[in-house]
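Chain residues, written in single-letter form:
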Amino acid sequence: MTNDEECLRRFGAHCRAFYDASLILYPSSSSLASMHEEKKSEDNPATDAKRRGAEGKVVLEALDRIAAMRSISESMKQRQDGKVAGAMQNSIDNLRQEHASIAKSHAGILTECGLLDIDRFLKKEDDNLLQYIQMRDATRQRSHKISMLHRQSSFFDILSEAAAMHENSASSQQRLTQVNNVQQAIDTIQRFAQKYQSNVGAHPFLAGIHKMLDLQLNPQPESRRSSSDPNYVVRWKFRGSVLTEACKSCHCESDADELTYAREAIQMLFTFLIWIKDIDVEGGGSIVPTEENGFGTEETSEPVLSFEVSKHLSNANLRRILAVLPDPKRLDARATGLVEVVGPLESHDGPLPRKNADGHEDEQWPWFARLEFCTLL
């Protein structure tokens with residue numbers, strides 16, 4: 001292997017470190033006793049990835065400066081206007097100074113990647129720059145694909161964990177008829193909405209919850225059923241990537257777990273909805289076509305989740321939940337997924353009817369409870 005090939009290989013390794021750190025989400029380390037006891041160490045995968053990602057950023061920015069200088073240099077040869085050529089030369093000089101400044105503290109990394117000497121890239125007949133750019137683009141493409149698989153795997157873990165906790169809780173359906181348990185669910189939903197409402201990345205998800213509950217409470221005029229009809233059931237389907245792709249934008253620095261948003265969203269849904277298990281978690285989900293992206297249209301295994309309102313949750317309590325959700329008019333995105341009315345139980349795979357739509361199983365709320373959920377003020 002020649003020296004140029006070795007430099008290109010090391011450059012690719014730094015590129016991979018940067019893109020992986022930027023795209024792949026890391027759960028909190030299982031070795032930490034608590035979030036408060038977290039220590040920044042080399043043994044922490046997320047911390048180590050950030051360090052290597054920072055080094056990769058230095059290398060990629062150096063390549064960007066070199067590519068800019070090469071482009072400006074070639075454009076100067078075609079310019080006849082002295083003032084324009086002078087301005088271009090000033091830009092090249094500024095980029096050189098910036099590169100020299102960065103090299104003072106990162107000379108080792110730039111040297112091993114072959115990016116310390118920039119003059120060798122400025123020759124028109126030199127094709128090294130093209131090889132570096134091709135390496136960068138190929139590495140970025142690879143990291144995007146790996147990050148998609150990593151997020152999908154992490155999401156299945158979160159979903160399985162939440163489902164197991166929900167199934168193990170005694171009388172998980174009937175508990176939503178009791179005032180204290182409904183209030184706990186409302187508090188969980190309200191905390192989630194207040195925490196993430198300011199982040200646009202969460203708006204499609206929040207709008208989807210609101211649309212589902214609104215349709216469950218207010219059937220369309222052409223519907224033959226009323227909201228109190230046990231056989232009137234609304235189902236919400238959405239891609240799991242709606243949650244995993246928003247983890248980066250919705251991540252708070254105070255959260256040790258970069259998957260906190262997806263984890264809290266799933267846990268929140270399980271407080272008042274039931275998961276319709278139409279995917280095989282162990283098998284990796286259902287095969288659905290991905291949308292057009294940087295790699296073209298291809299098929300990948302991605303979960304499409306389906307949820308319905310808990311069968312013991314009454315319309316009155318649904319209104320209480322709806323009251324703490326943000327108004328869709330204040331959200332900057334439409335509802336994600338598909339919200340649809342599903343028919344009565346006609347086959348083994350059909351929806352089960354609601355058991356407490358009219359609230360006959362509900363514990364009576366105190367008279368002042370309606371004041372707590374007044375939305376007029």
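Shown above is the structure to which this text applies.
Read on for a plain summary of the structure. (Residues numbered from 1 in each chain as written. Predicted model: local features only at pLDDT ≥ 70, side-chain atom pairs only at ≥ 80, totals over all residues. Heavy atoms only, no water.)

1. Description of the overall build of the chain
Here is step 1: Helix and strand counts for the chain come out as 10 helices and 6 strands.
Here is step 2: In the chain, which comprises 377 residues, the share counted as buried stands at 44%.
Here is step 3: Across the chain, the fraction of contacts at a sequence separation of at least 24, relative to all contacts at a separation of at least 6, is 78%.
Here is step 4: As displayed, the chain offers around 20,500 Å² of accessible surface, 49% of which is attributable to carbon and sulfur atoms. (Helix = DSSP H or I, 4+ residues; strand = E, 2+ residues; numbered from the N terminus. Buried < 20%, exposed > 50% of the residue type's maximum accessible area, 1.4 Å probe, protein only. Contact = heavy atoms within 4.5 Å. Areas by Shrake-Rupley, 256 points an atom, 1.4 Å probe, with all protein chains shown as cover.)

2. A word on the sheet that holds strand β1 (residues 233-239)
Here is step 1: With respect to topology, 4 strands assemble into an open sheet ordered β2-β5-β1-β6, the strand pairing being antiparallel. With partners counted over all chains shown, the strands left at the sheet margins are β2 (273-275) and β6 (338-342), one partner each. The average angle at which neighbouring strand axes cross in this sheet is 30°, direction not considered.
Here is step 2: Where helix α6 (residues 203-217) meets the sheet, it contacts β1, β2, β5 (304-309) and β6, and its direction lies at approximately 165° from that of β1. (Pairing = 2+ DSSP bridges. Axes fitted to C-alpha atoms, helices over the stretch in contact; angles between N-to-C directions.)

3. Points about the state of the cysteines
Here is step 1: As enumerated under the stated definition, the model contains 0 disulfides in all.
Here is step 2: For the unlinked cysteine cysteine 7, the closest cysteine sulfur is that of cysteine 113, found at 7.4 Å.
Here is step 3: Taking relative accessible area as the criterion, cysteine 7 reaches 6% and is therefore assigned buried.
Here is step 4: The buried category is assigned to cysteine 113, whose relative accessible area is 0%. (Disulfide = S-S within 2.5 Å.)

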